[in-house]
Amino acid sequence: MRVLAFQGSPRSSGNTAVLLAEVVKGAREAGADVKEVTLHGKKIAPCTSCYACKAPGAAGCVIRDDMDGIYDDVMKADVLLFGTPIYWWSVSAQMKLLWDRFFALDYDRAMKGKRAALVLTYGSELPNLGPEGTEAAFRDICLYLSMECVGVVGACTESVPAAENAGAMNAARDLGRALVANRS
Ligand SMILES: Cc1cc2nc3c(=O)[nH]c(=O)nc-3n(C[C@H](O)[C@H](O)[C@H](O)COP(=O)(O)O)c2cc1C
């Protein structure tokens, strides 16, 4: 099982990176082959809404940047895993750039039937429309793309860093195992 994990926080040792790493650990323990991609620092231009990718016979996105390699990796993956902090009630800019550029993919070839999961960290305790709305949007995206949403793990980091949040870390490891578990 090939897992492609996107880390969407600019902080390489921050809460999102820590929680996502725990999911990756669980997946590797369960036998997955995981490729990790840190989005911050990648050259990913914003979608320009040119719609060239939707023209008859189009061969994907016309923008040449680091998405070239990422598109290849997405095609090869069985599981797409996303980790993002909540910024302004939504995903980070790094994650939004990636998701917008997914527009150029042939969803049936690239996404349909894959498993997907989301890791969120956020500052304000629940109820909090940031993580709640983002989870709802992610579940909708999975439905739209015919992907199976295996789960969403979140942690509020204002008073307890993710690394010290045993409940969230355990849930993250369990999610990693669930990503690769056989289902009947
Ligand atoms: C630009 C910015 C916007 C943020 N917006 C929100 C928000 O809307 N809701 C929230 O609960 N936390 C918000 N936060 C807090 C972060 O989501 C939280 O600190 C998160 O754990 C940071 O992840 P990191 O440690 O991986 O950087 C924001 C933080 C920043 C820097």
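Up top is the structure.
A short tour of the structure in this document, coming up.

Here is what the cut-offs are and how they apply
- Residues numbered from 1 in each chain as written.
- Predicted model: local features only at pLDDT ≥ 70, side-chain atom pairs only at ≥ 80, totals over all residues.
- Heavy atoms only, no water.
- Near = heavy atom within 4 Å.
- Polar contact = N/O pair within 3.5 Å; in protein donor to acceptor, adjacent residues only side chain to side chain.
- Areas by Shrake-Rupley, 256 points an atom, 1.4 Å probe, with all protein chains shown as cover.
- Helix = DSSP H or I, 4+ residues; strand = E, 2+ residues; numbered from the N terminus.
- Nonpolar A, V, L, I, M, F, W, Y, C, P; charged D, E, K, R; others polar.
- Buried < 20%, exposed > 50% of the residue type's maximum accessible area, 1.4 Å probe, protein only.
- Patch = residues over 30% accessible without salt bridge, like charges linked within 9 Å, V, L, I, M, F, W, Y side chains within 5 Å.
- Salt bridge = Lys/Arg side-chain N within 4 Å of Asp/Glu carboxyl O.

1. Considering the site of the ligand
The immediate surroundings of the ligand are formed by 16 residues, with R11, T16, I86, T121 and T157 found nearest. The side chain of T16 places a nitrogen or oxygen atom 2.7 Å from an oxygen atom of the ligand. Within the complex, the protein chains bury 74% of what would otherwise be the 650 Å² of accessible surface of the ligand. Those elements giving two or more residues to the shell around the ligand turn out to be α1 (15-29) and β4 (115-122). Residue classes in the shell around the ligand are distributed as 6 nonpolar, 9 polar and 1 charged.

2. Focus on the side chain of E22
Residue placement: E22 occurs in helix α1. The exposure class of E22 is buried, given its relative accessible area of 10%.

3. A short note on a nonpolar patch on the surface
Judged by side-chain polarity, Y87, W88, W89 and L129 come together as a nonpolar surface patch covering roughly 610 Å² of accessible area. Note on placement: W89 falls in the loop between β3 (79-85) and α3 (93-101). Of the residues examined, W89 reaches a relative accessible area of 56% and is grouped as exposed.

4. So, the pattern of salt bridges
Under the definition given, this model contains 12 salt bridges. Taking the shortest distance from any N to any O, the salt bridge between E22 and K25 comes out at 4.0 Å. Linking E22 with K25, this pair stays in helix α1, spanning 3 residues, or about one helical turn. Owing to a relative accessible area of 42%, K25 belongs among the partly exposed residues under this scheme. Between K96 and D100 there is a salt bridge, with its nearest N and O atoms 2.9 Å apart. One end of the pair, K96, and the other, D100, are both in helix α3, 4 residues apart, so they sit about a helical turn from each other. With a relative accessible area of 40%, K96 lands in the partly exposed category.

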